[in-house]
Amino acid sequence: MVSSPMHDYKIAYFSMEIGIRNDIPTYSGGLGVLAGDTIRSSADLSVPMVAVTLVSRKGYLQQKLSDSGDQTESTDEWNPKALLDLAPKTVEIEIERGKVTVQAWIYDYKSTIGGTVPILFLDTDVEGNAAEDRRITDTLYGGDDQYRLKQEAVLGIGGTRMLEALGYRISKYHMNEGHSALLTLELLQRYEMDIDRVRRHCIFTTHTPVEAAFDRFSYELVRQVLGSEFPTQVIREIGGDDKLNMTLLALNLSGFQNGVTKAHMKLSLKLFPHYAIRAITNGVHSNTWTSQSFHKLFDKYIPGWASEPDLLVRIAKVPLCDIWAAHMENKKNLIAYIEEKTGEKLSEDALTLGFARRTTGYKRAKLIFSDLKKLRDINKARPLQLVFAGKAHPRDIGGKDLIREIFWYKRQLRDELKVVYLENYDMQIAAKLTSGVDVWLNTPLPPMEASGTSGMKAAHNGVLNFSVLDGWWIEGCMEGITGWAIGPSPEQEISEEERRKSELDDLFNKLRYLVAPKFYDDRDAWTAMMKSSIGKVAYYFNTDRMMRRYITEAYLR
Ligand SMILES: *Cc1c(COP(=O)(O)O)cnc(C)c1O
């Protein structure tokens, strides 16, 4: 075997959640799916990478919804033994002054066109560990602050030690969000407190747009949990005065830092003006998120697109009627799936809008119901259908209320406008929804959506985005060409009240006078927009382009 020195060193990619397969439920939303897509593209591009995450034996959650939209959760248990191999080494961490043994399950993600990326799923359910410690890697985002800090210790510190124990030589540690930032402290100890040396090895991608959302821990808790690993005084100097701020810790010890869209970079620079935070805009893995019907179509007209999604720029070669036929295949599949799951039969002909993502306040899932009279009027002129999906975090009371409210609106509109809510949103449902509806609706409260990625999945399948100008859509939107904008551009200085009015005006007026008429009365123009969405959005907003940028700008620095 030929081996070059470069390949002896690997990029270690750390993420609290990774969505690599639908039957490995170790993700909760966009962050984990992005991590999965990062790994998929890295394998395609033969990037020497090893990924590190937690085994989350009980997953995130399984969602059940009552007839009135009350969410109940159960664990989403999976068996690592059935799918993964146990690594030959274990490592130890001192947590609350007791030794915790960490083992790792290895899953090799193999690209069909490139290389392999091993993923280490760290696990404290090891015989000999105290009962409480055995549960540290059970539930993704479960428990209280103390539980979370222990998880982050296993991820950052345990992960770094595990890589070393398994003989990996690491050139860069890439932290996908701040959850793994404790790895910097481990490296700091290893490099005898040489901060510059740690920085040369660390890359930090922030995903959080606002101060309030940063992961923070009191130093009292840090001392209690990690006091015997690291002196709290040292952490305080680099991790924040009053509390340990994981974003600040990661920023202070990374030589390369980036936000996930241009707008998110600007916001992050406002919060941290003394840091050189750049932007590498997110993407999705084209081969994964392109449906079967479009796969076939692209293979026929644009061979090579799957390993080189930039080729989708040549979409003009594909006839309109083929695009529409591929879309109708997806729409029929989705309608059949919805009937199977809910018993409700949607129409193949009606303009169908999709909205699916984590159900939490800032995503504003019920904005479309803000004016029922207008919604009814639009629907009378040209029929609409709405499909929703999304889980609320167990402690997110507002998120759970949102689901109930959508069910309430569903009842209000019964016999007039079909509203469907699919249970237990996951990657498989995401693939069906982002390819099977006609329009992908996105209404976050700016500037809360650092990027968003589901709209990029939609674009790969010719589904048109109708979205608030936030996150990636600021870069992706060309009005009337790739989709439509809801509300003002982020540059516009307006009051919250004016913003709200402009958003609602656009939502209802564009739906009534632009979106629905184009769909119903000018199918060729609609299908031409679908092509623009593929050729001008999908060709760029993919993780192949994204990873090439990480490689040249961060990994090879
Ligand atoms: C892509 C994806 C997301 C991300 O959706 P956003 O609209 O970008 O928040 C969340 N959950 C699942 C299951 C996904 O596949």
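Keep in mind that this is a model prediction, so the values were computed, not measured.

*Asks:* What's the story with the overall build of the chain in this structure? I'm lost.
*Replies:* On a plain count of helices and strands, the chain comes out with 22 helices and 20 strands. Taken over the C-alpha trace, the chain has a radius of gyration of 23 Å; the compact-globule value for 557 residues is 24 Å, and the two agree within 12%. Counting over 557 residues, the chain shows a buried share of 60%. Here the chain displays about 21,700 Å² of accessible surface, and carbon together with sulfur accounts for 49% of that area. Distance from the positive charge centre (71 side chains) to the negative charge centre (74 side chains) of the chain: 3 Å.

*Asks:* Help me out: how do you make sense of empty space enclosed by the protein in this one?
*Replies:* Space left empty within the atom packing is revealed by a probe, the size of a water molecule, rolled over the atoms. What the rule picks out here adds up to three cavities of 30 Å³ or more. In this structure, the largest cavity spans a volume of roughly 50 Å³.

*Asks:* I would appreciate a short explanation of the packing of aromatic side chains in the present structure.
*Replies:* A full pass over the atoms with the stated rule returns 22 aromatic pairs. Look at Trp-472 and Trp-473: their rings are 5.2 Å apart centre to centre, the planes differ by 65 degrees, and that puts the pair in the edge-to-face class. Given a relative accessible area of 2%, Trp-472 falls into the buried group. For Trp-473, a relative accessible area of 0% puts it in the buried group. Ring plane angle 80 degrees and centroid distance 4.9 Å describe the contact between Tyr-540 and Phe-541, whose orientation is recorded as edge-to-face. Judged by relative accessible area, Tyr-540 falls into the partly exposed class, the value being 23%. In this structure, Lys-457 is placed above the aromatic ring of Trp-289, and the distance from its NZ or CZ to the ring centre is 4.1 Å.

*Asks:* It is not clear to me how the site of the ligand should be interpreted in this structure. Could you clarify?
*Replies:* Near the ligand lie 14 residues; those nearest to it are Arg-357, Lys-363, Thr-453, Ser-454 and Lys-457. The separation between an oxygen atom of the ligand and a polar side-chain atom of Ser-454 is 2.5 Å. In the complex, 96% of the free accessible area of the ligand, which totals 390 Å², lies under the protein chains. Where the shell around the ligand is concerned, the elements lending two or more residues are α2 (30–44), α17 (427–436) and α18 (454–460). Its residues assigned to classes, the shell around the ligand comprises five nonpolar, five polar and four charged. Counting residues domain by domain, the shell around the ligand receives three or more from each of domain 1 (9–283 + 546–555) and domain 2 (341–539).

*Asks:* So what exactly am I meant to see when it comes to the pattern of salt bridges here?
*Replies:* Any two side chains of opposite charge can pair if their charged atoms end up close together. Summed over all chains, the structure comprises 37 salt bridges. Taking the shortest distance from any N to any O, the salt bridge between Glu-423 and Lys-64 comes out at 3.8 Å. With Glu-423 in the loop between β17 (418–422) and α17 and Lys-64 in strand β3 (residues 62–65), this pair connects stretches of sequence that are 359 residues apart. Residue classification places Glu-423 among the partly exposed residues on the basis of a relative accessible area of 30%. The residue Glu-503 makes a salt bridge to Arg-499 at a minimum N-O spacing of 3.9 Å. In this pair, Glu-503 and Arg-499 are both assigned in helix α20 (residues 496–521), four residues apart and thus about one turn of the helix distant. On the basis of relative accessibility, which here comes to 1%, the residue Glu-503 falls in the buried class. The class of Arg-499 is buried, set by a relative accessible area of 15%. Each of Arg-57, Asp-123, Asp-125 and Arg-134 takes part in one network of salt bridges that share partners.

*Asks:* Explain the pairing of strand β15 (residues 351–356) here, please?
*Replies:* Along any regular strand, the residues point their side chains to alternate faces of the sheet. Most of β15 is tucked away: six of the six residues are buried. On β15, burial covers both faces: Leu-351, Leu-353 and Phe-355 on one face and Thr-352, Gly-354 and Ala-356 on the other are all buried. In this sheet, strand β16 (residues 384–389) lies alongside β15 in parallel orientation, the contact comprising six bridges. Of the residues in β16, the one forming a bridge with Leu-353 is Leu-386.

*Asks:* Looking at this model, I keep getting lost on the domain arrangement of the chain. Mind explaining?
*Replies:* Domain parsing of the chain yields domain 1 (9–283 + 546–555) and domain 2 (341–539). Put simply, the middle of domain 1 and the middle of domain 2, counted by C-alpha atoms, are 31 Å apart. Listed per partner, the contact involves 38 residues of domain 1 and 32 residues of domain 2. Together, the buried faces of domain 1 and domain 2 total about 2,700 Å²; carbon and sulfur atoms form 54% of this surface. The largest per-residue losses of area from domain 1 upon contact with domain 2 belong to Asn-22, Gln-63 and Leu-65, which jointly make up 19% of the total buried on that side. Our enumeration of links across domain 1 and domain 2 arrives at four salt bridges.

*Asks:* What is the right way to look at the sheet that holds strand β20 (residues 483–486) in this model?
*Replies:* Backbone hydrogen bonds are what pair the strands of a sheet, in a parallel or an antiparallel way. The six strands are arranged β17-β16-β15-β18-β19-β20 in an open sheet whose pairing can be described as parallel. The open sheet has two edge strands with one neighbour each: β17 and β20. Strand-to-strand twist across the sheet, computed as the mean angle between neighbouring axes with direction ignored, equals 20 degrees. Pairing analysis gives four bridges linking strand β18 (residues 439–442) to strand β19 (residues 464–468), with the strands arranged parallel. Note on β19: the bridge partner recorded for Leu-441 is Phe-466.

Cut-offs applied
- Residues numbered from 1 in each chain as written.
- Predicted model: local features only at pLDDT ≥ 70, side-chain atom pairs only at ≥ 80, totals over all residues.
- Heavy atoms only, no water.
- Helix = DSSP H or I, 4+ residues; strand = E, 2+ residues; numbered from the N terminus.
- Rg over C-alpha atoms; globule rule 2.2 N^0.38 Å.
- Buried < 20%, exposed > 50% of the residue type's maximum accessible area, 1.4 Å probe, protein only.
- Areas by Shrake-Rupley, 256 points an atom, 1.4 Å probe, with all protein chains shown as cover.
- Lys, Arg positive; Asp, Glu negative; His and termini not counted.
- Charge placed at Lys NZ, Arg CZ, Asp CG, Glu CD.
- 1 Å grid on protein atoms, 1.4 Å probe; cavity = no way out; pocket = protein on both sides within 12 Å on 5 of 7 lines; lining within 4 Å.
- Points joined across faces, edges and corners; volume = space filled by probe spheres on them.
- Phe/Tyr/Trp six-rings, centres within 6.5 Å; stacked < 30°, edge-to-face > 60°.
- Lys NZ or Arg CZ within 6 Å of the ring centre and 35° of its normal.
- Near = heavy atom within 4 Å.
- Polar contact = N/O pair within 3.5 Å; in protein donor to acceptor, adjacent residues only side chain to side chain.
- Nonpolar A, V, L, I, M, F, W, Y, C, P; charged D, E, K, R; others polar.
- Domains from an automatic or database assignment.
- Salt bridge = Lys/Arg side-chain N within 4 Å of Asp/Glu carboxyl O.
- Pairing = 2+ DSSP bridges.
- Contact = heavy atoms within 4.5 Å.
- Buried area = accessible area lost by both parts, 1.4 Å probe.
- Axes fitted to C-alpha atoms, helices over the stretch in contact; angles between N-to-C directions.

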